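# Architecture and fold: a report
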Amino acid sequence: MNINDLIESPLYLKISFNKILEKYEEMARSKDEFTAARARRVLEAQKPFPELREGFEDPANLEDYKEPISVILEDSFSDVLSNNEIKTASVPFHNVIFNSSERFKNIIKTAGDDFELQIKNMPKDDVYIMACTIIIKFCYGLDLSFKRPFFYQIPDANGIMRHYKILYNADFTEIEPTDKAKKITQEDVDELLDHYDNIDLWKEKFPPNSYIFKGFVISNIFDVTDDQSISNIKSNLINDKRGTGDGDENFMHEFQEIFRSYLNIKDLEVGFSVFNKEDKMFERVYGEPVVSFLLNKKDSEKCDKALCNWSMKTLLKEKKFYSVSDVDKYYELSNGKAPQYKSLKEQGYKSAVLAPIANDEGLLGILELVSKKPKVLNSVNANRLIDIMPFMVSAVERSKNEEENLIEAVIQQECTSIHPSVHWKFRKEARAFIQDKLEGRDPVFNKIAFEDIYPLYGQIDIKGSSMARNKATQQDLSLQLNAARTILEKAFEQDSLPIYEQIIYQTDLFLDRLQDNFQVDSEQRITQFFRQEISPLFYHLLSVGKYTDEITSYFNEIDEKLDVLYKHRKDYDDTISLINRKMSELLDDKQIEAQEMYPHFYERYKTDGVEHNLYIGESITKDENFNKIFLYNLRLWQLQAMIEMENAYYQMQPNFPVNLDVASMILVFNQPLSISFRMDEKHFDVDGTYNARYEIVKKRVDKAYIKGTTKRITEKGKISIVYSQKQDEVEYLRYVNFLQSKNYLDQDVEIVELEDLQAVTGLKAIRVSVLYHKDDKDQEVFTYEDLMKELNA
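Scope of this entry: the structure provided in the associated data block. (Residues numbered from 1 in each chain as written. Predicted model: local features only at pLDDT ≥ 70, side-chain atom pairs only at ≥ 80, totals over all residues. Heavy atoms only, no water.)

### Remarks on the overall build of the protein
Across its full length, the protein carries 27 helices and 24 strands. Every one of the 793 residues in the protein was classed for burial, and the buried ones make up 46%. Residue pairs at least 24 apart in sequence account for 67% of intrachain contacts in the protein once pairs closer than 6 positions are excluded. Surface summary for the protein: the accessible area is close to 42400 Å², and the carbon and sulfur share equals 48%. (Helix = DSSP H or I, 4+ residues; strand = E, 2+ residues; numbered from the N terminus. Buried < 20%, exposed > 50% of the residue type's maximum accessible area, 1.4 Å probe, protein only. Contact = heavy atoms within 4.5 Å. Areas by Shrake-Rupley, 256 points an atom, 1.4 Å probe, with all protein chains shown as cover.)

### Thoughts on the pattern of salt bridges
Applying the stated criterion across every chain, the model contains 40 salt bridges. Between Arg531 and Asp563 there is a salt bridge, with the nearest N and O atoms lying 3.7 Å from each other. Taken together, the residues span a long stretch of sequence, with Arg531 in helix α20 (residues 522-543) and Asp563 in the loop between α21 (548-556) and α22 (568-597) at a distance of 32 residues. The class for Asp563 is partly exposed, based on a relative accessible area of 32%. (Salt bridge = Lys/Arg side-chain N within 4 Å of Asp/Glu carboxyl O.)

### Considerations on helix α15 (residues 339-346)
Turning to α15, its buried residues are Pro339, Gln340, Tyr341, Ser343 and Leu344. Against the buried residues of α15 lie α12 (303-306), α13 (309-317), β13 (322-324), α14 (327-333), β14 (351-359) and β15 (362-371). Just past α15, the residue Gly348 takes up positive phi, approximately 85°.

### Some words on the packing of aromatic side chains
Ring pairs (aromatic) are described by centroid distance and by the angle formed between their planes. All told, the structure shown has 25 aromatic pairs when counted by the stated rule. Aromatic side chains Phe601 and Tyr615 sit 5.9 Å apart centroid to centroid with 40° between the ring planes, which places their arrangement in the tilted category. Remark: Tyr615 occurs in strand β18 (residues 609-616) and Phe601 occurs in strand β17 (residues 601-607); sequence separation between them is 14 residues. The residues Phe601 and Tyr615 share a single accessibility class, namely buried. Considering the side-chain rings of Tyr650 and Tyr772, the 5.2 Å spacing of their centres and the 80° angle between planes classify their relative orientation as edge-to-face. Residue Tyr650 is found in helix α24 (residues 628-652), and its partner Tyr772 is found in the loop between β24 (764-769) and α27 (784-792); the two are separated by 122 residues along the sequence. Here Tyr650 matches Tyr772 in class, with each residue buried. The side chain of Lys87 reaches across the aromatic face of Phe77, ending 5.6 Å from its centre. Sitting over the ring of Tyr128, Lys203 keeps its end group 5.5 Å from the ring centre. (Phe/Tyr/Trp six-rings, centres within 6.5 Å; stacked < 30°, edge-to-face > 60°. Lys NZ or Arg CZ within 6 Å of the ring centre and 35° of its normal.)

### Notes on the packing of helix α1 (residues 18-28) against helix α2 (residues 33-46)
Between α1 and α2, the least distance of the axes is 8 Å, while the angle of their chain directions is 140°. In terms of orientation, α1 and α2 fall into the oblique class. Considering only the axes of α1 and α2, their crossing is left-handed. Only Thr35, Ala36, Arg38, Ala39, Arg40, Val42, Leu43 and Gln46 of α2 make contact with α1, whose side of the interface consists of Leu21, Tyr24, Glu25, Met27 and Ala28. (Axes fitted to C-alpha atoms, helices over the stretch in contact; angles between N-to-C directions. Parallel < 35°, antiparallel > 145°, perpendicular 65-115°, else oblique. Left-handed = near helix turned anticlockwise from the far one by under 90°.)

### Concerning the side chain of Ser219
With respect to the helices and strands, the residue Ser219 is situated in strand β9 (residues 217-223). Discounting residues that sit within four places of it in the chain, Ser219 has contacts with Ile86, Lys87, Thr88, Ser90, Ile166, Leu167 and Tyr168.

### Observations regarding the sheet that holds strand β11 (residues 281-283)
The sheet built from six strands is open, its strands ordered β12-β11-β10-β15-β14-β13 with antiparallel pairing. Lying at the two open borders of the sheet, with one neighbouring strand each, are β12 (300-302) and β13. This sheet shows a mean twist of 20° between the axes of neighbouring strands, independent of strand direction. Across three bridges, β13 lies against β14 in antiparallel orientation. Residue pairing in the sheet places Val324 in a bridge with Ala352 of β14. (Pairing = 2+ DSSP bridges.)

### Description of the pairing of strand β6 (residues 161-169)
Residues in a regular strand point their side chains to alternate faces of the sheet. One ladder, built from six bridges, connects strand β5 (residues 150-155) with β6; its direction is antiparallel. Among the inter-strand pairings, Ile154 is bridged to a residue of β6, identified as Arg162. The antiparallel pairing of β5 with β6 creates a hairpin that spans five residues between the two strands, and Gly159 there sits at a positive phi of about 80°. Inspection of the sheet shows β6 paired to β9 by six bridges, in the antiparallel sense.

### Some remarks on the environment of Leu144
Structurally, Leu144 is set in the loop between α7 (127-140) and β5. The class for Leu144 is buried, based on a relative accessible area of 11%. Considered as a pair, Leu144 and Asn381 are 237 residues apart in the sequence and their alpha carbons are 7.0 Å apart. The residues touching Leu144, leaving out its near neighbours within four places in the chain, are Thr133, Ile136, Val189, Leu193, Val380 and Asn381.

### Side note on the sheet that holds β9
The strand order β3-β2-β9-β6-β5-β4 describes an open sheet built from six strands, whose pairing is antiparallel. Looking at strand neighbours, the two that pair on one side only are β3 (96-100) and β4 (119-120), the edges of this open sheet.

### Details of α20
Between its first and last C-alpha atoms α20 spans 31 Å; for 22 residues at 1.5 Å apiece the expected length is 32 Å, and the two agree. By the largest-angle criterion, Ile534 marks the main kink of α20, which is about 35°, and a proline, Pro536, follows within four residues. Restricting attention to buried positions, one finds in α20 the residues Ser522, Ile526, Thr527, Phe529, Phe530, Ile534, Ser535, Leu537, Phe538 and Leu541. Buried residues in α20 make contact with α18 (465-495), α19 (498-516) and α21. Where α20 ends, the next residue or the one after it, Gly545, has phi of about 80°, a positive value. (Expected span 1.5 Å × (residues − 1). Bend = angle between axes of the 7 residues up to and from the residue.)

### Quick word on the nonpolar core
Counting residues in hydrophobic clusters, the biggest one holds 48 residues, and the most contacted among them are Phe17, Ile20, Leu73, Phe98 and Phe216. The element best represented in this core is α7, accounting for six residues. Leave out the neighbours within four places in its chain, and Phe216 touches Ser16, Phe17, Ile20, Leu73, Ala89, Ser90, Phe98, Asn169, Phe172 and Thr173. Counting 46 residues, the second-largest nonpolar core is a separate cluster that includes Ile462, Leu639, Tyr649 and Val736. (Core = buried A, V, L, I, M, F, W, Y, C linked by side-chain atoms within 4.5 Å.)

### Some thoughts on a positive patch on the surface
A cluster of like positive charges, contributed by Lys277, Lys280, Lys302 and Lys319, occupies part of the molecular surface. In this structure, Lys280 sits in the loop between β10 (269-276) and β11. Residue classification places Lys280 among the partly exposed positions, given a relative accessible area of 48%. (Patch = residues over 30% accessible without salt bridge, like charges linked within 9 Å, V, L, I, M, F, W, Y side chains within 5 Å. Lys, Arg positive; Asp, Glu negative; His and termini not counted. Charge placed at Lys NZ, Arg CZ, Asp CG, Glu CD.)

### Focus on the side chain of Asn381
On the secondary structure map, Asn381 appears in the loop between β15 and α16 (389-414). Its relative accessible area of 3% is what places Asn381 among the buried residues. From its side chain, Asn381 meets the backbone oxygen of Val376 in a polar contact 2.6 Å long. (Polar contact = N/O pair within 3.5 Å; in protein donor to acceptor, adjacent residues only side chain to side chain.)

Below is the structure:
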């Protein structure tokens, strides 16, 4: 039987020991007599059998040459290590083993008589191409990096499948071309790099049996069951949808290094793009140091704008690897129209592989490998990714799951927040609800309430926000009216139509009213005038080719969504949004340290500024260690935090589009009260008629006046502490005195009475100026007036 009849290959195999015998010939000339004598013994054993040098094709002959082969391989298979090493001598691409260590024999014997040894990860369809890559390396010195790990899976005495990794030693092999062999050029190699799947092309370049392979291989085999098990565990953990992950700054660097090592490409770069199935878009990964070479610097792109039709079909529908071995070449072939080639070329990359990360439900994302060298990434080494893609899929599935959890968390935080301090009570009632439902009872979600808790309320309010918005509105409307009037005057000068004169007159009326009589409905009426009279007229003039430049310029200034000029109002809206966001983030960060002192309920909400509620008490924490000292501590923390927020605000103020001032206020309520969760409105509210007085004061107090004056209780540059009991006054004056010693507050303390509010009387307030710092490191302190002068200077 000829071994070459078993598989089709460009290599014509001959089992030969020529290379190892040449090594012994060299050893026979050694000055070490012992070494030389041992080598001569091996050569003498082979001498009667020239076939062992010339090679033979029938594996049955191995039995005939068993004795001389045993002598030839004696040093390679030492008796001393035979029971420890797992080693074989075999014919490549075949399960023909003609020599092995005792340990290997015992492993096979234990596996049972019906066990058939097979190499895993040795795809039959790829054997021919693998042989071609070996020829290219041996004969042409080009390493196409097709090496993949090979394994045996062999059951042990307990029936447990153990994993063995095979490392081949090909030192005793040689490859020679025959008359059938074709001369391979660089163009041939380049073509093969882009057509891994085209077996006919490989056979054309490397015809069957066109090269002679003489020799044998030694397999060093290692038990990697532990490593494989760990890998499987990791894979399972990655698949665990309950898992959560933390960002790691070094992640992408380490990830990239692993791929560089795996593919043996020093300048390899790794990117990733997320597939948005709903919008048919590729998106970059947000919040992580992950780039996308497909998107270049864009945040997102429609699939048909990022890929050509062929690459879309390969990646999205067939879910196959898409390789580009020579970006410049394919860019020229596509005349620069294929977006993926254009994007890669613009970034200076010369070769790339795009690998679809997909599960049974479809595409999840694209793994992007790029290099600034041509041909180093290609369709051949792209197939090495097959073994790692399952781990990529698992990781992306977990990431997607975490993203969904995060989205839900954001929705809960921004829309239906349940603070962690009271979450235990909701869980308790939810468990009871589920238990009733499972046991067939009519489930009812019981009232969530907390009794005998102390409230704290504070706000940092934007002063004069209504006036600022009105001013921004007047400025925008005036700009748009004047822009329209300029075009109308030009039209009237040329055509003298009475309707132009009438619209100019109406425009002037609106301009006068904006200056002298701006009312609540002025904005709506003028906006309606633009939409019903100005815009239709201007569109008509455009259609007849009149004043094209002027009208085009006018419409370029108009906001597409609002259909009005939105410049000063946008600055105002952006400023309010920035203030609210920055102050909310600051308060949230400070809350972390406050929760560590003693757990309490916290909520904040945005208006024209940021308001917050704090509730502290034993019923919230479930602990019986509550003491009023924790209440006093939280009150002092709140006052200090409000002052620090004032400082932070004025340090940021120069960066806001509009300069606005803020004023801070704290409301003190010294009696415990009860709160309950309002299911309809999804927030906590106070219980009881007496407690409702607290809510009334909260809603009205910042608009209250100091008794006998027209001055509001809140004032920029000052913090106001509103209270009703003498003991609260004494307590907070103590805090003020302490914070004055720390240069948080000035010495101008005043105690004032408030005008009576509806159903609320007897309120007083401590007012004191805040001392400001230009930045966190600045030791010098300023009053509000001094700070404004300093900032303006």
